[in-house]
2 protein chains.
Amino acid sequence: MNAKEKETIVIALGGNALSSPHGKGSIEEQMEAIGRSCQQIARIVRSGTRVVLTHGNGPQVGQILIQQEQAKGVVPPLPLDVCGAMTQGQIGYLLQQALAQALRAEGLKVPVVTVVTQVVVSSGDPAFKEPTKPIGPFYSKSEAEWLHKSKGYVIKRMGSGHRAYRRVVPSPYPREIVEGRTICRLVTSEHVVIACGGGGVPVIREGGRLRGIEAVIDKDLASERLASALGAQALMILTDVERVALHFGTPEQINLERLSVEEAKRYLAAGEFPSGSMGPKIEAAIRFLGNGGERAIITSLDRAQEALAGQAGTQIVRVQQPT
Amino acid sequence: MNAKEKETIVIALGGNALSSPHGKGSIEEQMEAIGRSCQQIARIVRSGTRVVLTHGNGPQVGQILIQQEQAKGVVPPLPLDVCGAMTQGQIGYLLQQALAQALRAEGLKVPVVTVVTQVVVSSGDPAFKEPTKPIGPFYSKSEAEWLHKSKGYVIKRMGSGHRAYRRVVPSPYPREIVEGRTICRLVTSEHVVIACGGGGVPVIREGGRLRGIEAVIDKDLASERLASALGAQALMILTDVERVALHFGTPEQINLERLSVEEAKRYLAAGEFPSGSMGPKIEAAIRFLGNGGERAIITSLDRAQEALAGQAGTQIVRVQQPT
């Protein structure tokens, strides 16, 4: 297979690919989870596929926000866009180091590079009118009121208890990957590229310049934008479950092997997929296929290789075929 | 001038190019300083030179360490290599955004990219036997003793007062830029690349893999390694003063316009340049010329463009010419 014929795949790593879901976020836990993930990724690279990795940053950016809050009397806190860029450096570094090691273990000498990525959103995005994404530490009611007055934070009550208040920020739709062309050039020169960490740093265009904003971008939707910009053949979204399911968590649960775009749209509209978890993944898949992608795959990390071969996970394709 | 004939220059930005020396480290101060720096850099790009930017991270990594210390009861602190990678994301993002804006203001559409950079050091480097580089918060004597016992930190007393103790870490010599080839490819495809932030994340080779270590690399020495790896014609180190001086800060101070490698070596050996500031800059210049570089320039940010034209700063060249 020559270079021109190689398939390009964008793989979006979920939170459990980067740290233990029940851990405290220590570096040992992070490195162990990342090491395991990179072994899977290295096998996909060995199969002859060009790979671009994207990843979330929820726990990591949460930890930075908590640290900033605790130290605010001594060190001025940085805005959310800058914190997001910090997590791109942090997670990108750990991934590039672990992935290079896993590739060497597979006998491959493929360069790995992390690109700090900005993603353009529209200042007119309806998400700015209704922030929904909880972020950072929990506050007491009086702290919450003070933060709202002094900093304009939108705060929501989450559950019960004394410290039940949390900041929510907008999650606007990603429109354009600023570093898209650079990433494309690196992919075609046989790099494994790590990009769009945490969904990318959200920026708006303002009179020809870019300006960071206080928001977070869904990493699966950003991954779709990147995959479409690269003209990738496949978008693979890794999550906690092997397959997308209907009636998830009920006795009637049905795991889906294959799903057409039309079916996916219908189920999404029918509310089968919750907005905080499977919803954006299905939406990303639908958009990717609408933008020329061949297939989207949703599966778990340990089934990634089989799913790429069509033997596991949920395959979302343009037209339903007999299974 | 066609692309092949273009000169490549590595420009090392000092701390005052990134933040106000007397400020508190707020984002507004950082963005203002970075904006100013990028105007100068953009003019150099406009002159037809290929530019690679490196930068320090002292204040930024110090702030992260203080935040980690304050929040250590809630969030597990990350090791120094990971903190360094975080500052690469942070500063790289701010630089790439400000530089893209400054380039557009000059009528240029040049892509800017930040590459998370690892730099290999030797585990046998003598620096590991004698840590010298102070880093992070100040501690009281009892805290210092506890940190030494529990974490093995080397702590030194710095001056007087109650909280006069600080951790010191090794500053080993940079040997190889792990992402050197990737950076080279980006430079030849007309990118302005931001790399080696904070001197790069220090890693050692361990049985074929890389492992991050608790150390910091001098950013000027790392910039030399990068400039030599790229085959750059020039290395420009920006600092607080316009020119290198002999007898600095005395009535006999002599500012130097031009310096041969031999002279530079002699003055360095004679102790003219302190190890914490001008010393490594002179050493980087000497090494760069020894490794095939044409000239090294040490000057201040506001004289950068003139210095590149040979009309300001201190020019260090292989053979002394009549001035």
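Residues numbered from 1 in each chain as written. Chains lettered and ligands numbered in written order. Predicted model: local features only at pLDDT ≥ 70, side-chain atom pairs only at ≥ 80, totals over all residues. Heavy atoms only, no water.

With an unreviewed UniProt entry as reference, chain A is termed Carbamate kinase, source organism Fraserbacteria sp..

Q: Can you walk me through the packing of aromatic side chains in this structure?
A: For any pair of aromatic rings, the description rests on two quantities: the centre-to-centre distance and the angle between the ring planes. Residue and element names in this part refer to chain A. For the structure shown, the criterion picks out 0 aromatic pairs over all chains. Arg 167 extends its terminal NZ or CZ atom over the ring of Tyr 153, reaching a point 3.8 Å from the ring centre. Cation over ring: Arg 266 sits above Tyr 267, and NZ or CZ is 6.0 Å from the ring centre. (Phe/Tyr/Trp six-rings, centres within 6.5 Å; stacked < 30°, edge-to-face > 60°. Lys NZ or Arg CZ within 6 Å of the ring centre and 35° of its normal.)

Q: Is there a simple way to explain the side chain of Ser 223 of chain A in this structure?
A: Mapped onto the elements, Ser 223 of chain A comes out in helix H6 (residues 219-230). Beyond its immediate stretch of four places on either side in the chain, Ser 223 of chain A contacts Val 10, Ala 12, Thr 54 and Leu 235 of chain A. (Helix = DSSP H or I, 4+ residues; strand = E, 2+ residues; numbered from the N terminus. Contact = heavy atoms within 4.5 Å.)

Q: Is there a simple way to explain the interface of chain B and chain A in this structure?
A: By a widespread convention, an interface's size corresponds to the accessible area lost as its parts come together. The partner chain A presents 49 residues to the 49 residues of chain B that form the contact. Both sides of the chain B and chain A interface together cover about 4300 Å² of buried area, and 63% of this is carbon and sulfur. Taken as a group, Gln 67, Tyr 93 and Val 116 of chain B account for 15% of the area that chain B buries against chain A, more than any other trio of residues on that side. Applying the counting rule to chain B against chain A returns 0 salt bridges. There are 16 residue pairs in polar contact (both at pLDDT 80 or more) connecting chain B and chain A. Counting residues per element, the ones that place at least two in the side of chain B that touches chain A are helix H1 (27-46), helix H2 (58-70), helix H3 (80-105), strand E3 (112-114), helix H5 (180-188), strand E10 (201-206) and strand E11 (209-212) of chain B. (Buried area = accessible area lost by both parts, 1.4 Å probe. Salt bridge = Lys/Arg side-chain N within 4 Å of Asp/Glu carboxyl O. Polar contact = N/O pair within 3.5 Å; in protein donor to acceptor, adjacent residues only side chain to side chain.)

Q: How do you make sense of the pairing of strand E10 (residues 201-206) of chain A when you look at a structure like this?
A: Consecutive side chains along a regular strand alternate between the two faces of the sheet. All names here are of chain A. By the bridge criterion, 3 bridges tie strand E4 (residues 118-120) to E10 in an arrangement that is parallel. Following the sheet pairing, Gln 118 is matched in E10 by Val 201. In terms of strand pairing, E10 meets strand E11 (residues 209-212) through 4 bridges, oriented antiparallel. Of the residues in E11, the one forming a bridge with Ile 204 is Arg 211. Counting the residues that bridge the hairpin from E10 to E11 gives 2 residues, and of these Gly 207 lies at a positive phi of roughly 55 degrees. (Pairing = 2+ DSSP bridges.)

Q: Sorry if this is basic, but what is going on with the sheet that holds strand E6 (residues 154-157) of chain A here?
A: Hydrogen bonds between backbone atoms are what pair the strands of a sheet, whose relative direction is either parallel or antiparallel. Residues and elements named next belong to chain A. In spatial order, the strands read E5-E7-E6; together these 3 strands make up an open sheet with antiparallel pairing. Every interior strand has two partners, whereas the edge strands, strand E5 (133-139) and E6, have only one. The mean inter-strand angle of the sheet, taken between neighbouring strand axes irrespective of direction, is 40 degrees. Strands in contact with helix H4 (residues 141-151) are E5, E6 and strand E7 (165-169); relative to E5, the strand with the most contacts, it is inclined by about 125 degrees. (Axes fitted to C-alpha atoms, helices over the stretch in contact; angles between N-to-C directions.)

Q: What's the story with the sheet that holds strand E7 (residues 165-169) of chain B in this structure? I'm lost.
A: Residues and elements named next belong to chain B. Here 3 strands make up an open sheet; going across it, the order is E5-E7-E6 and the pairing antiparallel. Edge positions in the open sheet fall to strand E5 (133-139) and strand E6 (154-157), since each of these has one partner strand only. Averaged over all neighbouring strand pairs, the angle between strand axes comes to 40 degrees, with direction disregarded. Summarising the sheet, E5 and E7 pair through 5 bridges and their orientation is antiparallel. Paired with Phe 138 across the strands is Arg 166, a residue of E7.

Q: Even after reading the chapter, I still don't get the UniProt feature "domain: Aspartate/glutamate/uridylate kinase" (unreviewed entry) in chain A, so can you show me in this structure?
A: The residues that UniProt annotates with the feature "domain: Aspartate/glutamate/uridylate kinase" (unreviewed entry) are residues 8-300 of chain A. Along residues 8-300 of chain A, the helical share is 39% and the strand share 23%, with 19 Å between the first and last C-alpha atoms. (UniProt positions renumbered as here; feature names shortened; annotations may be inferred.)

Q: How should the domain arrangement of chain A be read in this particular structure?
A: Residues and elements named next belong to chain A. You can read the domains of chain A as domain 1 (1-121 + 175-232) and domain 2 (240-323). Between the C-alpha centres of domain 1 and domain 2 there is a distance of 22 Å. Both faces considered, domain 1 and domain 2 share a buried interface measuring about 1400 Å² in area, 60% of it formed by carbon and sulfur atoms. For the domain 1 face of the interface with domain 2, the top three residues by lost area are Gln 40, Leu 221 and Glu 224, together amounting to 32%. (Domains from an automatic or database assignment.)

Q: What is the right way to look at the pattern of salt bridges in this model?
A: Evaluated as defined, the whole model comprises 34 salt bridges over all chains. Linking Lys 72 of chain A and Glu 69 of chain A is a salt bridge whose minimum nitrogen-to-oxygen distance equals 2.8 Å. Classification of Lys 72 of chain A by relative accessible area gives partly exposed; the value is 43%. Here Glu 206 of chain B ties to Arg 211 of chain B by a salt bridge, and the two come within 2.9 Å at their closest N and O atoms. Look at Glu 206 of chain B and you get partly exposed, because its relative accessible area is 33%. Judged by relative accessible area, Arg 211 of chain B falls into the partly exposed class, the value being 32%. Connected through salt bridges with shared partners, the residues Glu 242, Arg 243, Arg 303 and Glu 306 of chain A form a single ionic network. (Buried < 20%, exposed > 50% of the residue type's maximum accessible area, 1.4 Å probe, protein only.)

Q: Would you explain the packing of helix H7 (residues 261-269) of chain A against helix H8 (residues 278-290) of chain A in this entry?
A: Describing two packed helices takes the angle between their axes plus the distance from one axis to the other. All names here are of chain A. It is the contact of H7 with H8, at a shortest axis distance of 10 Å, that shows an interaxial angle of 145 degrees. With respect to the hand of their crossing, H7 and H8 are arranged in left-handed fashion. Residues Val 261, Ala 264, Lys 265 and Leu 268 of H7 pack against Gly 279, Ile 282, Glu 283, Ile 286 and Leu 289 of H8. Classifying every residue of the contact of H7 with H8 by side-chain character gives 6 nonpolar, 1 polar and 2 charged. (Left-handed = near helix turned anticlockwise from the far one by under 90°. Nonpolar A, V, L, I, M, F, W, Y, C, P; charged D, E, K, R; others polar.)

Q: What am I meant to see in helix H5 (residues 180-188) of chain A here?
A: Residues and elements named next belong to chain A. Residues of H5 that are buried: Gly 180, Thr 182, Ile 183, Leu 186 and Val 187. Summarising the axial view, the buried residues of H5 lie within an arc of 160 degrees, below the 170-degree limit, and thus occupy one face. Glu 190 sits one or two residues past H5 and shows a positive phi near 65 degrees. (Arc of directions from axis to C-beta.)

Q: Can you walk me through unusual backbone geometry in this structure?
A: Comment: phi is negative for the bulk of residues other than glycine, and the bulk of peptide bonds are trans. Residue and element names in this part refer to chain A. The residue Glu 190 is not glycine, and still its phi comes out positive at about 65 degrees. One can find Glu 190 in the loop between H5 and strand E9 (192-194). The backbone of His 247 sits at a positive phi, close to 50 degrees, despite the residue not being glycine. Residue position: His 247 is located in the loop between strand E13 (245-246) and strand E14 (254-255).

Q: Looking at this model, I keep getting lost on the nonpolar core. Mind explaining?
A: Taken as a class, soluble globular proteins show a tendency for nonpolar side chains to be buried jointly. Core analysis: the biggest nonpolar cluster contains 104 residues, and Ile 11 and Leu 13 of chain A together with Ile 11 and Leu 13 of chain B have the highest contact counts within it. Formed by 86 residues, the second largest nonpolar core is a distinct cluster that contains Val 187 of chain A together with Val 113, Ile 177 and Leu 256 of chain B. (Core = buried A, V, L, I, M, F, W, Y, C linked by side-chain atoms within 4.5 Å.)

Q: Please explain empty space enclosed by the protein as it appears in this structure.
A: Empty space left among the atoms is revealed by rolling a probe the size of a water molecule over them. Residues and elements named next belong to chain A. Inspection of the entire model under this criterion finds 3 cavities of 30 Å³ or more. Considered as a void within the structure, the largest cavity measures approximately 90 Å³ in volume. Around the largest cavity, the lining is made up of 14 residues, and of these Asn 57, Gly 84, Gly 200, Pro 202 and Val 216 lie nearest the centre. Going through the elements one at a time, helix H3 (80-105) and E10 are the ones with two or more residues in the lining of the largest cavity. Tallying contributions element by element places H3 first for the lining of the largest cavity, with 4 residues. Split into classes, the residues belonging to the lining of the largest cavity amount to 7 nonpolar, 6 polar and 1 charged. (1 Å grid on protein atoms, 1.4 Å probe; cavity = no way out; pocket = protein on both sides within 12 Å on 5 of 7 lines; lining within 4 Å. Points joined across faces, edges and corners; volume = space filled by probe spheres on them.)

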